[in-house]
Amino acid sequence: MRSVKKILWSCAVLAVVCGCTKLETPPNKNQPSGDGTGVYKVVAHRGGYQECARPDCSISSLKYAIMLRCFASECDIVLTGDNDVLVAHPQSGYLVNGLEPFDHTVAEIRAAGTLANGEPVPTLRDFIRVLQDPELNPHGMRLWLDVKRLTKNGEEIDVNHSINACYRACEIIKEMKAQSLCEFLIPTGGSIFDVVRDKVIDEYRINLAWMTCTHPDNYGKAWAQLSYDKIFGDNTAYGPMDYISAGVPLSVYNVDDETMDAVIPYYPKLKAIFTNYPSKLIQKLRAQGYAD
């Protein structure tokens, strides 16, 4: 009976896809791995830490997102002084465990403290190892890597810290043969996006999103990762269908609480919905007939 249900659901998905505007912009691959029946197109912000009460950007919150069958779990990355990549949300805009990561080694940063649950601050390799374990990640959940723009007292620190973090992450992903499991989020503005877009997509073959709300023609092979406030409402410059109709893959973030109900009708045509509350969103999707 379960096999029959999976076949029927696959047919339903195919019918939806065939009836909608094509969302992929080669070489982007915008659907979950496998037959697509085991994953919700939901991305857990920092592993859904606000919902699961686990440390953000931790292995524990990563496993929470996997348990929910999310399409991806988002995390922040920073480059260390010993040329490694940490998964951590910078405090005060630029600090990890009270230290400037670009001037300290992984060992030094870890020695300065653990996460609230006792985990060491994880590296990108730590996260990828979890994703590559079929027992830990049976549905092939991905990782969305947010390339942080570091700021101190509201002023941007050398943008090369962010650019180099992106490139070093690409090297690690390639070394671990994890290109199909990782995608990048590039913050607003062109100082990072204009530098890294083509190299990341064309040379490393890793998908990349830009978080600037602009004309669909400006994304190239990237997809659009845009705030709910930027594309929903009466006073927005562009709406979701402007991107979908133009063939630009679209994901929407800050989809929490009441905003979920406004975005869910677009679910079949979106790359993903990005939220702090993945379990709540998935429950709403199930209630509206979107099965896993």
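This one's a predicted model, so the numbers in the text were calculated from it and none came from an experiment.

Would you explain the packing of helix H6 (residues 160-175) against helix H7 (residues 190-203) in this entry?
Describing two packed helices takes the angle between their axes plus the distance from one axis to the other. Closest axis-to-axis distance for the H6/H7 pair is 10 Å, and the angle between their directions is 20°. With respect to their mutual orientation, H6 and H7 come out roughly parallel. Our pair here, H6 against H7, has a crossing hand that is right-handed. Here Ser 162, Ile 163, Cys 166, Tyr 167 and Cys 170 of H6 lie close against H7, whose contacting residues are Ser 191, Ile 192, Val 195, Val 196, Lys 199 and Val 200.

Sorry if this is basic, but what is going on with the pairing of strand S4 (residues 142-147) here?
Across a regular strand the side chains alternate sides, sitting on one face of the sheet and then on the other. Of all 6 residues in S4, 6 are buried, a share of seventy percent or more. Pairing of strand S2 (residues 70-79) with S4 involves 6 bridges; the strand directions are parallel. Within the sheet, the bridge partner assigned to Asp 76 lies in S4 and is Asp 146. Here S4 runs beside strand S7 (residues 182-186); their pairing, made up of 4 bridges, is parallel. Of the residues in S7, the one forming a bridge with Leu 143 is Cys 182.

Would you explain the packing of helix H5 (residues 124-132) against H6 in this entry?
The contact between H5 and H6 brings their axes to 11 Å, and the two run at 35°. Relative to H6, the crossing made by H5 is right-handed. Contacts between H5 and H6 involve Leu 124, Arg 125 and Ile 128 from the former and Arg 168, Ala 169, Ile 172, Ile 173 and Glu 175 from the latter. For the contact of H5 with H6, the class distribution of residues is 5 nonpolar, no polar and 3 charged.

Would you take a moment to explain unusual backbone geometry for this structure?
Across residues other than glycine, the phi torsion is negative in most instances, and most of the peptide bonds are trans. Its identity is not glycine, yet Arg 69 carries a phi of approximately 65°, on the positive side. When you line up the elements, Arg 69 lands in the loop between helix H3 (59-67) and S2. Arg 69 sits in the partly exposed class, given a relative accessible area of 23%.

Is there a simple way to explain the side chain of Ser 60 in this structure?
With respect to the element layout, Ser 60 can be found in helix H3. A relative accessible area of 18% places Ser 60 in the buried class. The residues touching Ser 60, leaving out its near neighbours within four places in the chain, are Arg 54, Asn 117 and Glu 119.

Whenever I open this one, the environment of Leu 124 confuses me. Can you help?
By the element assignment, Leu 124 lies in helix H5. Those residues in contact with Leu 124 that sit more than four places away from it in its chain are Val 85, Val 87, Leu 143, Leu 145, Ala 169, Ile 172 and Ile 173.

Looking at this structure, how should I read empty space enclosed by the protein?
To find leftover empty space, one rolls a probe the size of a water molecule over the atoms. The full count for this structure, using the stated rule, is 1 cavity of 30 Å³ or more. In this structure, the largest cavity encloses a volume near 50 Å³. Around the largest cavity sit Ile 77, Val 78, Leu 79, Pro 101, Lys 148, Leu 150, His 161, Ser 162 and Ala 165, which together line it. Only S2 and H6 provide two or more residues apiece to the lining of the largest cavity. Here the residues of the lining of the largest cavity sort into 6 nonpolar, 2 polar and 1 charged.

For this particular structure, what's the right way to read the pairing of strand S10 (residues 250-253)?
Side chains Leu 250 and Val 252 project from S10 onto one buried face, and the interleaved Ser 251 and Tyr 253 project onto a second face that is buried too. Of the strand pairs in this sheet, strand S9 (residues 223-227) and S10 are connected by 4 bridges, and their pairing is parallel. Directly across from Gln 225, in S10, lies its bridge partner Ser 251. Where S10 meets strand S11 (residues 272-275), 2 bridges bridge the pair, whose relative direction is parallel. Looking at the pairing, Ser 251 lines up with Ala 272 of S11.

Got a minute to help me understand the pattern of salt bridges in this structure?
Side-chain pairs of opposite charge can arise whenever the charged atoms involved come near each other. Counted according to the given criterion, the structure contains 16 salt bridges. Asp 76 is paired through a salt bridge with Lys 148; the nearest N and O atoms lie 3.9 Å apart. In this pair, Asp 76 sits in strand S2 while Lys 148 sits in the loop between S4 and strand S5 (151-152), placing the two residues 72 residues apart along the sequence. Among the salt bridges present, the one from Glu 183 reaches Arg 142, with a minimum N-O distance of 2.8 Å. With Glu 183 in strand S7 and Arg 142 in strand S4, this pair connects stretches of sequence that are 41 residues apart.

Is there a simple way to think about the environment of Ile 264 in this case?
Considering the arrangement of structural elements, one finds Ile 264 in the loop between helix H10 (259-263) and S11. Judged by relative accessible area, Ile 264 falls into the buried class, the value being 0%. Separated by 17 residues in sequence, Ile 264 and Leu 281 place their C-alpha atoms 8.9 Å apart. Those residues in contact with Ile 264 that sit more than four places away from it in its chain are Leu 281, Lys 284, Leu 285, Gln 288 and Tyr 290.

Conventions adopted
Residues numbered from 1 in each chain as written. Predicted model: local features only at pLDDT ≥ 70, side-chain atom pairs only at ≥ 80, totals over all residues. Heavy atoms only, no water. Axes fitted to C-alpha atoms, helices over the stretch in contact; angles between N-to-C directions. Helix = DSSP H or I, 4+ residues; strand = E, 2+ residues; numbered from the N terminus. Parallel < 35°, antiparallel > 145°, perpendicular 65-115°, else oblique. Left-handed = near helix turned anticlockwise from the far one by under 90°. Contact = heavy atoms within 4.5 Å. Buried < 20%, exposed > 50% of the residue type's maximum accessible area, 1.4 Å probe, protein only. Pairing = 2+ DSSP bridges. Nonpolar A, V, L, I, M, F, W, Y, C, P; charged D, E, K, R; others polar. 1 Å grid on protein atoms, 1.4 Å probe; cavity = no way out; pocket = protein on both sides within 12 Å on 5 of 7 lines; lining within 4 Å. Points joined across faces, edges and corners; volume = space filled by probe spheres on them. Salt bridge = Lys/Arg side-chain N within 4 Å of Asp/Glu carboxyl O.

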